[in-house]
Amino acid sequence: MPLTPADPFAPLRRLSAALLPVALLALPLPAPAQTETGAGDLPVEEIQAFAEVFERIKRAYVEEVDDATLLRNAMRGMLSELDPHSTFLDAEAYRTLQESTQGEFGGVGIEVGKRDGQLTVVTPIDDTPASRAGLQAQDIILRIDDTPTEGLSLQEAVDLMRGDPGTEIRLTIMREGESAPLSVTIEREIIRTQSVKHELLAPGFGYLRISQFQTRTGDQVIEALETLRQAGASKGLVLDLRNNPGGVLQAAVDVADAFLDEGLIVYTEGRLPDSAMSFSAGRETAAPEVPLVVLINGGSASAAEIVAGALQDQRRGVVMGTESFGKGSVQQIMPLGEDEALKLTTALYFTPSGRSIQAQGIAPDVEVVRGRLEVAERSALRVREADLEGHLEGNGDGRRADELSSRLRDDYQLGEALNLLKALNVLSQRDAPVTESPAATE
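Residues numbered from 1 in each chain as written. Predicted model: local features only at pLDDT ≥ 70, side-chain atom pairs only at ≥ 80, totals over all residues. Heavy atoms only, no water.

## Let's talk about the sheet that holds strand β16 (residues 318–321)
Applied cut-off: Strand pairing requires that DSSP identify at least two bridges connecting the strands. Secondary structure elements are defined from DSSP: runs of H or I of at least 4 residues count as helices, runs of E of at least 2 residues count as strands, and each element is numbered from the N terminus. In this description, contact between two residues means that some pair of their heavy atoms is separated by no more than 4.5 Å. Axis definition: a line fit to C-alpha positions, over the contact stretch in the case of helices; interaxial angles, taken between N-to-C directions, run 0 to 180 degrees.
Spatially, six strands are ordered β10-β11-β12-β15-β16-β19 in an open sheet, and the strand pairing comes out mixed. On the outer flanks of this sheet lie β10 (196–202) and β19 (366–367), each paired with one strand and no other. Two elements, strand β15 (residues 292–296) and β16, share four bridges in a ladder whose sense is parallel. Pairing of V294 across the sheet is with V319, part of β16. Its contacts with the sheet place helix α10 (residues 303–313) against β12 (236–240), β15 and β16, and it is angled at close to 140° to β15.

## Quick look at the pattern of salt bridges
When their charged atoms lie close together, side chains carrying opposite charge are able to pair. Definition in use: Any Lys or Arg side-chain nitrogen found within 4 Å of a carboxyl oxygen on Asp or Glu counts as a salt bridge. Only protein chains enter the accessibility calculation, which uses a 1.4 Å probe. A residue is then buried if its area is under 20% of the maximum for its type, exposed if over 50%, and partly exposed in between.
Evaluation of the coordinates by the stated rule reveals 19 salt bridges. Where E52 meets R56, a salt bridge forms, and the shortest distance between an N and an O atom there is 3.0 Å. Highlighted residues: E52 and R56, both in helix α3 (residues 44–60), separated by four residues, approximately one helical turn. Using a relative accessible area of 21% as the deciding quantity, one classes E52 as partly exposed. Put simply, D313 and R355 hold a salt bridge, and the shortest N to O gap is 2.7 Å. A residue pair is termed long-range when its members are at least 10 positions apart, and D313 in helix α10 and R355 in the loop between β18 (340–350) and β19 qualify at 42 residues. The network of salt bridges with common partners includes D126, R209, D240, R242 and D411.

## Section: the packing of aromatic side chains
As a reminder, the rule being used: Geometry of aromatic contacts follows a simple scheme: Phe, Tyr and Trp rings, the Trp one being its six-membered ring, pair when their centres are within 6.5 Å, and the pair is stacked under 30 degrees between planes, edge-to-face over 60, tilted otherwise.
Inspection of the entire model under this criterion finds one aromatic pair. Between Y267 and F350, the ring centres sit 5.2 Å apart and the planes meet at 15°, which makes this aromatic pair stacked. Taken together, the positions of Y267 in strand β13 (residues 264–270) and F350 in strand β18 put the pair 83 residues apart, joining distant regions of the chain.

What follows is the structure, encoded as structure tokens:
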């Protein structure tokens, strides 16, 4: 026997004001002859169906479910069907989001998302258990311990991967190029990320790595650039944005501004008036003249793509690597009370030339896939003049091997970026005007 109540609108009237504003509950029903509703009217039949589903779950579900749980599940469902990045943030998820933008959170140090319905690694964060365990961007997570990820929401998967520091988690992953799934065991720890690192790759050439865009990333980049300048990195700089999942929009603008002295950086478009924003570079810049190579890959997303796109469109640097992730949407955090929030996609990013990043990504100017530099591996087998006993010492300024960064040993893309900077440096010297010395007087 159907459980339809005598009054079909009784469940609707019993719903709390948390579901619908009180004013909406008092709306008159449409006249029977009315077949179309105005743009501002509520779809009464759909609301009635929702209320009936709510009522039937309350009556017939095998276990008792409280109203608050049902309403929160309804909110999660509404948002999850919009796009992969809109979501309802309960107290724990909201706190985690706030912690991650400040640079400290608990877990294994992995950024995940849903792609084609599968839980996918966007990027492992530098110097975290996930990166040390060898997880890679685009790895598909099939199981978390003994729990299959199929059917899990993104938040449920994240909750499973969290835990007390020192405890272990086993991930079963499928990786492109592998014939069978891989099992990776990772020990959880408190993740404290430093978003900016820097060093000299070689005399005159600097390296700047941004692993995530956090609140203070812009200031940290300015400090790092000054340190590199004092160390003599005037011939070229590599800006490494590989496996950078993004983060705070303003931080991305600040980083791009550090290399640009004018012009548009990024603009956004959406339905709300305040979602249409535009950001331009100021006149002051920390690195206005240094030749620049920007490294990206499939794990470079969101804010990282904003920086790469701005520098590419403004012809400030050469973008090298592989195509980026393609996450070009803006999420606005809307607090709900004191400890919950709504993360809602409200706009799309566009590069200065008007390119949409969403589902497109940034294509590099020079494509260099990940690999190893074979010549470097065989170099120990070669005999050179310097290896011969009794060889003559030269008077040049050749660099010792220990003057080169250890990062270059296994990072083919980084080695190619350095080679490109050296080539650009040589070309700039050739193009420089030649100053003739005055003729000698006899």
